[in-house]
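Residue-level listing of the chains:
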Amino acid sequence: MERPRLLLVSEVTELSWTIRPHLEEWADVASFDPPGVGGEPLPPGQGLSTELVVQRGLQELDGRDWKRCFLVADGYSNATAARIAQARLRQVEGLALGHARLSNRREGERAPINQEVWEAMTQVLRQDQRGFIRHGIVQATHGSVDEDLAEQILERLPEGELVDSWEALSRDDHRMEELLAGLEVPLLFAKHDGCLMSTAEGFEDACKAFPQARIVSVPEAPPSSEEFAEALREFCEGVLSRNGGT
């Protein structure tokens, strides 16, 4: 059976995928920074948007000779991965989503996002962008992103644009139920136990909407969880085995 091929779709930067070395033990792995991050150019006069990240992801796939691949995303990048999959229906073999949820809604009954945590992080970001990266993300991820990684992430992010980028990526304008309904590919949903930002109710509702999805719960944020890496390996190899190894 050939090695799985994974495209990691990032929320903020590819550096957040600290499990990449574990994935590379059994898969061919690609990742990218969103436009405006690190050395990635941002079109003049445009702010970061899901559409721009989708186009960058498609560009990454077009630059490789992958006939088939899996998309792996987390949190606010899940909608991006789903849109990439919609544009490459014949190429995508499966979709793995950390912090799986149906929307970014912060209000109302069974909201997938904790509004108080989101507002607190946004307030810190508006007041102290560097402090947001150094401390806010570390706290919100329960240490899954440590201070050393936070400093590396900080070096890649453009100063003065983080508030707009954060609010653009966390907008509640994605309906994952609609995005995923027409894909007809195997799904892996990962829950981050104890996450401050994503609610348990949001994950439960996603699993109810897609009962065929394989489910895993991990104690760390999926991009830094070795347990998620192992669940992803089993998921991909299972799909490839059922498809005859292609």
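As shown above, the structure is provided for reference.
First things first, this report covers the structure right here in the doc.

## Remarks on the pattern of salt bridges
Inference 1: All chains considered together, the criterion is met by 16 salt bridges.
Inference 2: Arg 56 serves as the salt-bridge partner of Glu 60, at 2.9 Å between the closest nitrogen and oxygen. Of this pair, Glu 60 and Arg 56 both sit in helix H2 (residues 50–62), 4 residues apart, which is roughly one turn of the helix. Comparing Glu 60 with Arg 56, the two get one shared label, buried.
Inference 3: Ionic pairing is found between Arg 233 and Glu 230, a salt bridge with its closest N-O pair at 2.3 Å. Of the two residues, Arg 233 and Glu 230 are both situated in helix H10 (residues 226–242); the distance of 3 residues between them amounts to about one turn of the helix.
Inference 4: Several salt bridges converge on common partners, so that one network encompasses Glu 40, Arg 56, Glu 60 and Arg 64.

## Focus on helix H9 (residues 200–209)
Inference 1: Regarding H9, the residues found buried are Gly 202, Phe 203, Ala 206 and Cys 207. One side of H9 carries all its buried residues, which in axial view fall inside an arc of 135°.
Inference 2: Of the surrounding elements, those touching the buried residues of H9 are strand E5 (187–192) and strand E6 (214–218).

## Quick notes on the packing of helix H4 (residues 115–127) against helix H7 (residues 162–169)
Inference 1: With their axes 9 Å apart at the nearest point, H4 and H7 run at an angle of 160° to one another. Viewed along their axes, H4 and H7 adopt a mutual orientation that is roughly antiparallel. Crossing hand, H4 versus H7: left-handed. Contacts from Trp 118, Met 121, Thr 122, Leu 125 and Arg 126 of H4 reach H7 at Leu 162, Val 163, Trp 166 and Glu 167.
Inference 2: When its residues are assigned to classes, the contact of H4 with H7 shows 6 nonpolar, 1 polar and 2 charged.

## Here we look at the sheet that holds strand E3 (residues 69–74)
Inference 1: Strand order in this open sheet of 6 strands is E2-E1-E3-E4-E5-E6, and the pairing throughout is parallel. Taken across any chain shown, the strands that pair with only one partner, and hence form the sheet edges, are strand E2 (28–31) and E6. Geometrically, the sheet is characterised by an average inter-axis angle of 20° between neighbouring strands, direction not taken into account.
Inference 2: Sheet topology note: the strand E1 (residues 5–8)/E2 ladder contains 4 bridges and is parallel. When the sheet's bridge partners are listed, Arg 5 is paired in E2 with Asp 28.
Inference 3: Seen against the sheet, H2 touches E1, E2 and E3 and runs at an angle of roughly 155° to E1.
Inference 4: Contacting E1, E3, strand E4 (92–98), E5 and E6, H10 crosses the sheet at an angle of about 165° to E6.

Analysis parameters
- Residues numbered from 1 in each chain as written.
- Predicted model: local features only at pLDDT ≥ 70, side-chain atom pairs only at ≥ 80, totals over all residues.
- Heavy atoms only, no water.
- Salt bridge = Lys/Arg side-chain N within 4 Å of Asp/Glu carboxyl O.
- Helix = DSSP H or I, 4+ residues; strand = E, 2+ residues; numbered from the N terminus.
- Buried < 20%, exposed > 50% of the residue type's maximum accessible area, 1.4 Å probe, protein only.
- Arc of directions from axis to C-beta.
- Contact = heavy atoms within 4.5 Å.
- Axes fitted to C-alpha atoms, helices over the stretch in contact; angles between N-to-C directions.
- Parallel < 35°, antiparallel > 145°, perpendicular 65-115°, else oblique.
- Left-handed = near helix turned anticlockwise from the far one by under 90°.
- Nonpolar A, V, L, I, M, F, W, Y, C, P; charged D, E, K, R; others polar.
- Pairing = 2+ DSSP bridges.

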